[in-house]
Amino acid sequence: MKIPLISTLFKTKSHEAGWFAIGLGAHGIYLAQVRQAGTSLSVLRCEYHETGEVSAAQLDNIRHSANIDKNNFTTLLSSGDYQMLLVDAPNVPVNELKTAIRWKIKDDLNYHIDDATVDVLQIPASKYGSDRVQSIYAIAASNETIQKRIALFEQAKIKLSVIDIPEMAQRNIAALFEQDDRALALLAFDDNGGLITFTSRGELLLARRIEITAGQLQDANDQLRQQYRDRIELELQRSLDYFDRQYNHLPVSRVLVCAPDDDSLANFLAAAVEVKVERLELSQVMDISKVPALADSEFVAHVLPALGAALRQERRAL
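Report on the accompanying structure. (Residues numbered from 1 in each chain as written. Predicted model: local features only at pLDDT ≥ 70, side-chain atom pairs only at ≥ 80, totals over all residues. Heavy atoms only, no water.)

Moving on to the environment of R201. Turning to its location among the elements, R201 is positioned in the loop between β10 (193-200) and β11 (203-210). Sequence spacing of R201 and V303 is 102 residues, and the spatial spacing of their C-alpha atoms is 24 Å. (Helix = DSSP H or I, 4+ residues; strand = E, 2+ residues; numbered from the N terminus.)

Here is the structure:
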């Protein structure tokens, strides 16, 4: 079958029934579904199924046992499955943009550009004007990676409509907490490491990875935990400084933290940076009464990417 391009990430495609997100962990499968009624959001399902090996057979078993047929399905690539490159936007017509980006990033990939699926995410220009060159995100994954993911779900009789990435899923969560004309930073940790995103008006402006996992933040060794926190503080401060240089007209309202025992990390970071730091509280922006586990920071840290993917909705044109 034809490989659906990662451009499905950014298509303005309406699905009134919403999305059913399936996230693949190292040893299990995450399911998430959110209902939107007007401006209200309700989490219908958000669960983790321990499977050991994640296989088509396990996916098929969950499809049967969880009764999830007849949904619009989306899944997420893992951080090691793709590259997200920040590059200067080429001065070409829109219909030539992807071709120009492919040429621009070809030397940054560890496989031939002809074997790559590439899409672009435009970063909104400053409404105040700027002399700096406009930037753009290029997202690239090997065709083999995309083919394997599609085949896995096809074997489980699940038809994917969208293949998403964690940065976009986290953007969907962050957008719910934003304040008008201010940016919001969301710092989240799971088994794949840390991810900090800066968003404003529902758009992703900056994303950076931090090589510290949720498990490391729970290390039994106090000294190691403190070293990890110190590294996070340094990376957060660097990211805040970089964002301020690039978007000095756009103040950051606060930093939200999503991690196991996030009160402890949030309190530590709040004492270290000038920006307000708070723990992520999903109950502030959505009804989680059907999934009481979403009040637990450790559970939320691991399911957040799948939950964010389930929040995918039509985006306004840039």
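A word on helix α1 (residues 56-65). When α1 is considered as a whole, its buried residues turn out to be A56, L59, D60, I62 and R63. With its buried residues spanning 160° around the axis, α1 presents them on a single face. Exposed residues on α1 whose side chains face more than 90 degrees from its buried face are H64 and S65. Tucked into the core, α1 has its buried residues touching β1 (20-24), β2 (28-37), β3 (40-50) and α3 (143-155). One or two steps after α1, the chain reaches N67, where phi turns positive at roughly 55°. (Buried < 20%, exposed > 50% of the residue type's maximum accessible area, 1.4 Å probe, protein only. Arc of directions from axis to C-beta. Contact = heavy atoms within 4.5 Å.)

One non-glycine residue, N67, adopts positive backbone phi at about 55°. Position of N67 relative to the elements: it lies in the loop between α1 and β4 (73-76). Located in the positive-phi region is K70, a residue other than glycine, with phi close to 60°. Position of K70 among the secondary structure elements: in the loop between α1 and β4. Classification of K70 as exposed rests on a relative accessible area of 85%.

Turning our attention to empty space enclosed by the protein. Under the counting rule described, the total for this entry stands at 2 cavities of 30 Å³ or more. Of the volumes computed, that of the largest cavity is approximately 80 Å³. What lines the largest cavity is a set of 10 residues, among which L86, L205, Y242, Q246 and Y247 lie closest to the centre. For the lining of the largest cavity, the elements supplying multiple residues, two or more each, are β11 and α6 (222-246). Element by element, the count of residues in the lining of the largest cavity is highest for α6, at 3 residues. Per-class residue counts for the lining of the largest cavity are 7 nonpolar, 2 polar and 1 charged. In this structure, the second largest cavity spans a volume of roughly 60 Å³. (1 Å grid on protein atoms, 1.4 Å probe; cavity = no way out; pocket = protein on both sides within 12 Å on 5 of 7 lines; lining within 4 Å. Points joined across faces, edges and corners; volume = space filled by probe spheres on them. Nonpolar A, V, L, I, M, F, W, Y, C, P; charged D, E, K, R; others polar.)

A rise of 1.5 Å per residue sets the reference length of α3, with its 13 residues, at 18 Å; its end C-alpha atoms lie 18 Å apart and thus fit the reference within 8%. Taken together, the buried positions of α3 are N143, I146, R149, I150, L152 and F153. Where α3 is buried, its residues contact β1, α1, β4, β6 (116-122), β7 (135-142) and β8 (160-164). Once α3 ends, the next one or two residues include K157, with phi positive near 60°. (Expected span 1.5 Å × (residues − 1).)

What follows is about the pairing of β8. Judged by how many residues are buried, β8 sits mostly within the fold: 4 of 5 residues are covered. For β4 and β8, the ladder comprises 4 bridges, and the chain directions are parallel. The residue of β8 that forms the bridge with T74 is V162. (Pairing = 2+ DSSP bridges.)

This next bit is on the sheet that holds β3. Taken together, the 5 strands give an open sheet; going across it, the order is β3-β2-β1-β4-β8, and neighbouring strands pair in mixed fashion. Each edge of the open sheet is held by one strand with a lone partner, namely β3 and β8. Across this sheet, the average inter-strand angle for adjacent strands is 20°, counted without regard to direction. Inspection of the sheet shows β1 paired to β4 by 3 bridges, in the parallel sense. Its bridge partner being in β4, F20 is matched across the sheet by F73. Contacts from α1 reach β1, β2 and β3 within the one sheet, and its direction differs from that of β2 by about 40°. The sheet strands contacting helix α8 (residues 297-310) are β1, β2, β3 and β4, and the helix crosses β2 at an angle near 55°. (Axes fitted to C-alpha atoms, helices over the stretch in contact; angles between N-to-C directions.)

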